[in-house]
Amino acid sequence: MPAVSEIQRRSLHDLPFTALAREMDGLSPVHTKALWRALYHETATDLTQRAEFLPPLRRWLDGAASHLSIDHPELAADTASSDGLTRKFLLRLVDAQTIETVLMRFDGRFTACVSTQAGCAMGCVFCATGQMGFTRHLRPGEIVAQVLHAQRTLRARDEPGLRNLVLMGMGEPLHNYDAVMTALEIISDTRGINIGPSRITISTVGVVPGILRLAEEQRPYHLAVSLHGATEEDRSALVPASRRWPLAELIAACRTYGAKTGRRIFFEWTLIAGQNDSPAQAAKLGALLTGLDAHVNLIPLNPTNGFAGTASATAAATEFQRTLRAAGLPSTVRQRRGIDVAAGCGQLRVEKSRL
Ligand code: SF4
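Residues numbered from 1 in each chain as written. Predicted model: local features only at pLDDT ≥ 70, side-chain atom pairs only at ≥ 80, totals over all residues.

Asks: Help me out: how do you make sense of the environment of Asp62 in this one?
Replies: Inspection of the secondary structure puts Asp62 in helix H4 (residues 55-64). Distance in space between the C-alpha atoms of Asp62 and Ile251 is 52 Å, their sequence separation being 189 residues. (Helix = DSSP H or I, 4+ residues; strand = E, 2+ residues; numbered from the N terminus.)

Asks: So what exactly am I meant to see when it comes to the pairing of strand S9 (residues 162-167) here?
Replies: On any regular strand, side chains alternate: one points to one face of the sheet, the next to the other face. With four bridges connecting them, strand S6 (residues 109-113) and S9 associate as parallel partners. Opposite Ala112, over in S9, you have Leu165 as the bridge partner. Two strands pair when backbone bridges link them, and S9 and strand S10 (residues 200-204) are joined in this way by three bridges, in the parallel orientation. Paired with Leu165 across the bridge in S10 is Ile200. Handedness of the crossover is the feature at issue here: the chain leaves S9, passes through helix H7 (residues 177-187), returns alongside S10, and the resulting connection is right-handed. (Pairing = 2+ DSSP bridges. Right-handed = clockwise from strand over helix to strand, strands pointing away.)

Asks: Can you walk me through the environment of Arg334 in this structure?
Replies: You can see Arg334 is positioned in the segment after strand S14 (331-333). Residues Arg334 and Trp269, spaced 65 residues apart in sequence, show a C-alpha to C-alpha distance of 10.0 Å. The contact partners of Arg334, leaving out residues within four places of it in the chain, are Asn297, Leu298 and Ile299. (Contact = placed C-beta atoms within 7 Å.)

Asks: Is there a simple way to explain the sheet that holds S10 in this structure?
Replies: Backbone hydrogen bonds hold the strands of a sheet together, and the pairing may be parallel or antiparallel. Read from one edge of the open sheet, 10 strands run S3-S4-S5-S6-S9-S10-S11-S12-S13-S14, paired in mixed fashion. Edge positions in the sheet fall to strand S3 (74-80) and S14, since each of these pairs with one other strand and no more. Going across the sheet, the axis of each strand differs from the next one's by a mean of 20°, ignoring polarity. Of the strand pairs in this sheet, strand S13 (residues 294-300) and S14 are connected by three bridges, and their pairing is parallel. Its bridge partner being in S14, Leu298 is matched across the sheet by Val333. (Axes fitted to C-alpha atoms, helices over the stretch in contact; angles between N-to-C directions.)

Asks: Sorry, what's going on with the domain arrangement of the protein chain here?
Replies: It is common to report an interface's size as the accessible area lost on association of the parts. Structurally, the protein chain comprises domain 1 (4-69) and domain 2 (74-354). For domain 1 and domain 2, the distance between their C-alpha centroids amounts to 32 Å. Listed per partner, the contact involves 12 residues of domain 1 and 17 residues of domain 2. For the side of domain 1 that touches domain 2, the elements supplying multiple residues, two or more each, are helix H1 (4-8) and helix H3 (29-41). Considering every element that reaches the side of domain 1 that touches domain 2, the biggest residue donor is H3, with four residues. (Domains from an automatic or database assignment.)

Asks: Honestly, the nonpolar core in this entry has me stumped. Any pointers?
Replies: Most often, soluble globular proteins have nonpolar side chains that are buried together. Membership of the largest hydrophobic core comes to 89 residues, with the highest contact counts inside it found for Ala112, Val144, Val147, Leu165, Ile187 and Phe267. Per-domain counts for this core show at least three residues from each of domain 1 (4-69) and domain 2 (74-354). Excluding anything up to four places from it in sequence, Val144 contacts His13, Asp71, Ala183, Ile186 and Ile187. (Core = buried A, V, L, I, M, F, W, Y, C linked by C-beta atoms within 7 Å. Buried ≥ 20, exposed ≤ 12 C-beta atoms within 10 Å, placed from the backbone.)

Asks: What am I meant to see in the packing of helix H12 (residues 279-288) against helix H13 (residues 314-326) here?
Replies: A pair of packed helices is captured by two measures, namely the crossing angle of their axes and the spacing between those axes. Remark: H12 packs on H13, axes separated minimally by 8 Å, with the N-to-C direction vectors making an angle of 35°. Viewed along their axes, H12 and H13 form a crossing whose handedness is right-handed. Of the residues in H13, those in contact with Pro279, Ala282, Ala283, Leu285 and Gly286 of H12 are Glu319, Phe320, Thr323 and Leu324. (Left-handed = near helix turned anticlockwise from the far one by under 90°.)

Asks: Would you take a moment to explain the pairing of strand S5 (residues 98-106) for this structure?
Replies: For S5, the buried fraction is high: seven of the nine residues fall into the buried class. As paired elements, S5 and S6 share five bridges and run antiparallel to each other. Bridge assignment links Met104 to a residue of S6, and that residue is Thr111. Here S5 hands over to S6 after two residues, with Asp107 in that stretch at a positive phi of 50°.

Asks: How do you make sense of the packing of helix H6 (residues 140-156) against H7 when you look at a structure like this?
Replies: Direction vectors running N to C along H6 and H7 enclose 40°, while the axes themselves pass 8 Å from each other. Overall, the two elements H6 and H7 adopt an arrangement that is oblique. Crossing angle aside, the handedness with which H6 passes H7 is right-handed. Contacts between H6 and H7 pair Pro140, Ile143, Val144 and Val147 from the former with Ala179, Val180, Thr182, Ala183, Ile186 and Ile187 from the latter. Grouping the constituent residues of the contact of H6 with H7 by class yields nine nonpolar, one polar and no charged. (Parallel < 35°, antiparallel > 145°, perpendicular 65-115°, else oblique. Nonpolar A, V, L, I, M, F, W, Y, C, P; charged D, E, K, R; others polar.)

Right, here's the structure in full:
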């Protein structure tokens, strides 16, 4: 365990460029740019030995060392799927909490799936993270650090950098709204990591106030809303958060979001055999989303120990998709990735034995 002072120090990785410049008040912008470049372009993990830092910056860093740190979580485990296309990292944070980050390869391009909380309070019944409960929110720097870890991994293998980022790991991003928005400001900054907003997707289980805030603030990221049921009864059996933000309220918020932003919304639907994969349920989904600019991502259920359901058969998925098409709703059956190393959607869970 780190010393308490280590936990209490603020992290440079929590600060977007303008906040960092404020923190470095009195120094020339040249030094802010040099530090930013080291943090996000070079993905530096040690700022003490950088020859390009000029004396004023070195002196400032020496002075800041007592109250500022950087986020560099320890890699506690690194697991690769048998097809070599997915890697799952278990990262240990400064207070010994552990989170998971997944790196996936699609057609030669890389996507990182990051966590936004340690655990999750939303309790979706088919999700391993939901089954483990909520521990705490992540700071912006702890979200950014996952992206930096993925970038370093790719660089070490001489691979191209990350192309896409999805916030679909452990946690509900809109339950940790401010930290997530700060992290995304850092991650999309063109002077550093530079993953553009159009390549970033925020996934939510349907936190209505967060969706409305995204619309109000005109945030430029893609939005994916997990539905899994097209009636209140069907949905709340899988997604307990539906009791807090009922389906009608959620769809109304999505309509507001669509009208205010003009953006298409992605709806995620985990296909569970015999539970939500019938043509009748597809027809209800089609009716529910009428008039919305929507795309449905169908995800055959990934297995977890805490949920007895099984994935829909390919024929059921095809029929579900056909019914959606007839209702004028485009959809994609998502490729399953990393199932053998529990890195698929809904499978992220920090095993207690590894804590
Ligand atoms: S699916 Fe997402 S929101 Fe639901 S419990 Fe899992 S991590 Fe939380």
